[in-house]
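# Breakdown of the fold
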Amino acid sequence: MDNLLNQDFRKELLRTDIIPRKLNEISQKYRNMFLEDFKNKVIKTELVEKCQCGSLNLEELTKIDRFGLPFGSLICRDCGLVMTNPRMSQESLSYYYDKYYHPLNYGEEHLENQVALFEDGQGKKIFTIIKDFLPKKEKISVLEIGAGTGNVLSEFKEEAKKENIIVEELGTEYNNNCINKCKEKSINTIFGNIQTVIGLNKKFDLIILSHVFEHFIDLNKELDDLKQLMVDKTLLYVEVPGLFVIHEKDYYNNSFLGYHIHAHMFNFNKDSLNNLMHMSGFESKFINEKVESVYSLKHNINGSIQNNFIKNSYSKVLNYLELLSEGILTNFYKTLKRWHETEKSKREKYQRWNQQNNKKLEKICIQYDKVKRASYIRKISELKELFKILGDLKS
Ligand SMILES: [Zn+2]
């Protein structure tokens, strides 16, 4: 597989001589153990040859992940979906999650010492996004796949209670320590996965997949399984780490290599997730670029042809990655944020600038192959100009 675009940022992305993230001793130790298991094929991997959209037109983007492990990524030229390659095989996943996932990713061997897998507020946020779509009922059934330590469900229940909605919850988990944590919070949790829940012969008003979907390998199969737990009005909340907000995340070192990780089989943006969901028979009710989204089953069969139209974000992704490598987006974002935090009276102005920034971004990220280099550079200087004006305004 070759790289048609011989540009500096592409070469930078293909580096193998660095560890993009700073690792503590525990992460380092588990990284080395993982590498041994990988070399000895205790952890099995497979190559990706085809995109979820059916295209074979794939281009290499990176060769390593945030830990410097040999899990690179491919981008589909026909839809823009970014896929991890090689990727761990399904048969190795339970071993991997049991032994490696937590210590390697969080740098902490004991779950007890680990703070919540997600910062507080995740369950509250999900309730806020979903509440307008919920059926007007006093009691709703909510399923969370991969409930972790139960924070999302317990916060969600609390928020619902404020609106006089009783939540009958169920969580699934693979990790027994997590199940115990859920029990401490009185969150009803079972050991298992979607298949386990299908065995219960139940349907739900809402199913939550919060930072879970990107870990799945066979997305179409998982979605087909989920459908068995859904009725016409069931809502499906899917949240994954959006590719187009890397510049806002210090946690990822504001870089693609700091974001990319072997445990995520796919790196989605709004369009690439929508493509996949539409093809699998879901319709979108809400989605943003952070990739917080709400779906339901598609009702209108006649409308399905139109909905299956694939929105290709290939160029947008590459444009974004180039801008990201130049640090402009991150600087711009940070300045705005600092301004926002230090001068509360200027919030409205901040909102306006932020909107303008987003519009510029959208403009810059137009079809890459259609944009000449010169016009790209002009747009960058426009952004720099905006940045400068902002600095002047502040002083
Ligand atoms: Zn594709």
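Residues numbered from 1 in each chain as written. Predicted model: local features only at pLDDT ≥ 70, side-chain atom pairs only at ≥ 80, totals over all residues. Heavy atoms only, no water.

An unreviewed UniProt entry annotates the protein chain as SAM-dependent methyltransferase originating from Aliarcobacter trophiarum LMG 25534.

Moving on: the coordination of the zinc ion. Only Cys51 (SG), Cys53 (SG), Cys76 (SG) and Cys79 (SG) from the protein coordinate the zinc ion, and they sit 2.3 Å from it. A relative accessible area of 22% places Cys53 in the partly exposed class. (Donors = N, O, S within 2.8 Å, 3.2 Å for Na, K, Ca; no water. Buried < 20%, exposed > 50% of the residue type's maximum accessible area, 1.4 Å probe, protein only.)

For the rest of this paragraph, the subject is the packing of helix 2 (residues 25-39) against helix 3 (residues 90-106). Closest axis-to-axis distance for the helix 2/helix 3 pair is 8 Å, and the angle between their directions is 150°. With respect to helix 3, the element helix 2 is oriented roughly antiparallel. Each of Ile26, Ser27, Tyr30, Arg31, Met33, Phe34 and Asp37 in helix 2 lies in contact with helix 3, whose residues at this interface are Tyr95, Tyr96, Lys99, Tyr100, Pro103 and Leu104. Residues belonging to the contact of helix 2 with helix 3 are distributed by class as follows: nine nonpolar, one polar and three charged. (Axes fitted to C-alpha atoms, helices over the stretch in contact; angles between N-to-C directions. Helix = DSSP H or I, 4+ residues; strand = E, 2+ residues; numbered from the N terminus. Parallel < 35°, antiparallel > 145°, perpendicular 65-115°, else oblique. Contact = heavy atoms within 4.5 Å. Nonpolar A, V, L, I, M, F, W, Y, C, P; charged D, E, K, R; others polar.)

Summed over the entire model, instances satisfying the criterion amount to 18 salt bridges. Across the salt bridge formed by Lys125 and Glu239, the nearest N and O atoms sit 2.9 Å from each other. You can see Lys125 sitting in helix 4 (residues 122-130) and its partner Glu239 sitting in strand 10 (residues 235-239), a full 114 residues away along the chain. The structure contains a network of salt bridges with shared partners spanning Arg10, Glu59 and Arg77. (Salt bridge = Lys/Arg side-chain N within 4 Å of Asp/Glu carboxyl O.)

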